Amino acid sequence: MGKIIAIANQKGGVGKTTTTVNLAAALGVLEKKVLLIDADPQANATSGLGIDVDSVEFGSYQLLEHTKTASETIIETSSPNVDLIPAHIDLVAIEIELVDKDEREYMMKKAVAELKHNYDFILIDCAPSLGLLTLNALTAADSVIIPIQCEYFALEGLGKLLNTVKSIQKIHNPDLDIEGMLLTMYDSRLRLSNQVVEEVRKHFEDMVFDTVIQRNVRLSEAPSYGESIIKYDASSKGAANYLNLANEVVKKNMEAV
């Protein structure tokens, strides 16, 4: 039975999509069967895996509308063991279209239920907001990874996200767990980066992953080639970081079994 993990933070630019794409690729290298669901209208996870967004016929929009079954929206990627439900700009309209529907928060949960037994991990790349799309992802998920940028405003808004997680646990998804907080864009030369790491670890202790994602030029170059960091430069620091994270996620879930 697959585990559904949402990667969420309402702040933009914290490394959500970078984490979703590269964690998926790293888990694939570890021979885990992975499905990535792009639930962000910007569709960066889709293009980051080398898929031309304009050529997307069916994807997360149809998945949430229930006009196509989940298996009809899946496409293969060039990353080993990684499949994708792509996004398209038309996903922007979904929040308005779902507003009047019954059980609108459960559209994704119902749609992906049939896929859980086909994959080891299903990763959902969330939009940078706490709107209906993210709400659907968190209602469908077993757990959430929260990327936190190692910069001054890192902790701003984190309380709001944690309150959202709590209210989803209370109302829609009592089993939702925090998989972990992931420190991203870390630069060991900056005192501020080190202070943020210290602060987050002090406040959240075991909830924080041991792995820290360091600032890495190759990591920021990879998406422009439509490749994960594993494919673009397997010897880079970024690739090593995400392989470490994948190992940590696998180990944690083996212990939980």
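As the structure is a computational prediction, the values presented were derived from the model and not from experiment.

S.K.: Which residues make up a nonpolar patch on the surface, and what values go with them?
M.R.: Side chains of Y152, F153, L190 and L192 sit close together on the surface and give an oily, nonpolar patch of about 440 Å² of accessible area. Within the secondary structure, F153 sits in the loop between strand 6 (143–149) and helix 8 (158–171).

S.K.: Could you give me a rundown of the pattern of salt bridges, with the residues and numbers involved?
M.R.: Scanning the model with the defined rule gives nine salt bridges in all. As a salt-bridge pair, E221 and R218 come within 2.9 Å of each other at their nearest N and O atoms. On the criterion of helical spacing, the pair formed by E221 and R218 is a turn pair, its members being three residues apart in helix 10 (residues 217–221). Classification of E221 as partly exposed rests on a relative accessible area of 26%. A single salt-bridge network, built from bridges that share partners, covers R218, E221 and D233.

S.K.: Go over the sheet that holds strand 1 (residues 3–7) with me, naming the residues and quoting the values.
M.R.: If you trace the eight strands from one edge of the open sheet to the other, you get 3-4-2-5-1-6-7-8, paired in mixed fashion. Of all the strands in the sheet, the pair left with one neighbour each is strand 3 (75–76) and strand 8 (208–214). Here strand 6 runs beside strand 7 (residues 177–186); their pairing, made up of seven bridges, is parallel. Residue I148 lies in a different strand from strand 7, and its bridge partner there is L183. Its contacts with the sheet put helix 1 (residues 16–29) on strand 1, strand 2 (34–39), strand 4 (82–85), strand 5 (121–126), strand 6 and strand 7, and the angle it makes with strand 5 is roughly 165°. Contacts between helix 8 and the sheet are confined to strand 6 and strand 7, with strand 6 contributing the most and set at about 175° to the helix.

S.K.: Outline helix 1, supporting the account with residue identities and numerical values.
M.R.: Given a rise of 1.5 Å per residue, 14 residues ought to cover 20 Å, and the 20 Å separating the end C-alpha atoms of helix 1 matches this to within 8%. The buried fraction of helix 1 amounts to twelve of the 14 residues, a majority that puts the element mostly inside the structure. Those residues of helix 1 that sit buried are K16, T17, T19, T20, V21, N22, L23, A24, A25, A26, L27 and G28.

S.K.: Report on the pairing of strand 4, specifying residues and quantitative values.
M.R.: Where burial is concerned, the two faces of strand 4 agree: the one with V82 and L84 and the one with D83 and I85 are both buried. In this sheet, strand 4 lies alongside strand 2 in parallel orientation, the contact comprising four bridges. Residue L36 lies in a different strand from strand 4, and its bridge partner there is L84. Counting the residues between successive antiparallel strands, the hairpin from strand 3 to strand 4 contains five residues, one of them, N81, with a positive phi of roughly 65°.

S.K.: Let's hear about the packing of aromatic side chains: which residues, and what values?
M.R.: Any pair of aromatic rings gets described here by the distance separating the centres and the angle formed by the planes. According to the stated counting rule, one finds one aromatic pair in the structure shown. A centroid spacing of 5.0 Å and a plane angle of 25° characterise the contact between Y225 and Y232, whose relative ring orientation is stacked. With a relative accessible area of 54%, Y225 lands in the exposed category. Positioned above the aromatic ring of F58, the side-chain terminus of K68 is 4.4 Å from the ring centre.

S.K.: Pulling in residues and values, what's your account of the layout of surface pockets?
M.R.: Considered as a void within the structure, the largest pocket measures approximately 380 Å³ in volume. Listing elements by their share of the lining of the largest pocket, those giving two or more residues are helix 1, helix 2 (44–48), strand 7, strand 8 and helix 10. Residue contributions to the lining of the largest pocket peak at five residues, all from helix 1. Its residues assigned to classes, the lining of the largest pocket shows nine nonpolar, twelve polar and two charged.

S.K.: Outline the environment of V56, listing residues and values.
M.R.: Take V56: it is sitting in the loop between helix 2 and helix 3 (60–65). Between the C-alpha atoms of V56 and P86, which are 30 residues apart in sequence, the distance is 7.0 Å. Contacts of V56, omitting those with residues within four sequence positions, involve T46, I51, P86, A87 and H88.

What counts and how
- Residues numbered from 1 in each chain as written.
- Predicted model: local features only at pLDDT ≥ 70, side-chain atom pairs only at ≥ 80, totals over all residues.
- Heavy atoms only, no water.
- Patch = residues over 30% accessible without salt bridge, like charges linked within 9 Å, V, L, I, M, F, W, Y side chains within 5 Å.
- Areas by Shrake-Rupley, 256 points an atom, 1.4 Å probe, with all protein chains shown as cover.
- Salt bridge = Lys/Arg side-chain N within 4 Å of Asp/Glu carboxyl O.
- Helix = DSSP H or I, 4+ residues; strand = E, 2+ residues; numbered from the N terminus.
- Buried < 20%, exposed > 50% of the residue type's maximum accessible area, 1.4 Å probe, protein only.
- Pairing = 2+ DSSP bridges.
- Contact = heavy atoms within 4.5 Å.
- Axes fitted to C-alpha atoms, helices over the stretch in contact; angles between N-to-C directions.
- Expected span 1.5 Å × (residues − 1).
- Phe/Tyr/Trp six-rings, centres within 6.5 Å; stacked < 30°, edge-to-face > 60°.
- Lys NZ or Arg CZ within 6 Å of the ring centre and 35° of its normal.
- 1 Å grid on protein atoms, 1.4 Å probe; cavity = no way out; pocket = protein on both sides within 12 Å on 5 of 7 lines; lining within 4 Å.
- Points joined across faces, edges and corners; volume = space filled by probe spheres on them.
- Nonpolar A, V, L, I, M, F, W, Y, C, P; charged D, E, K, R; others polar.

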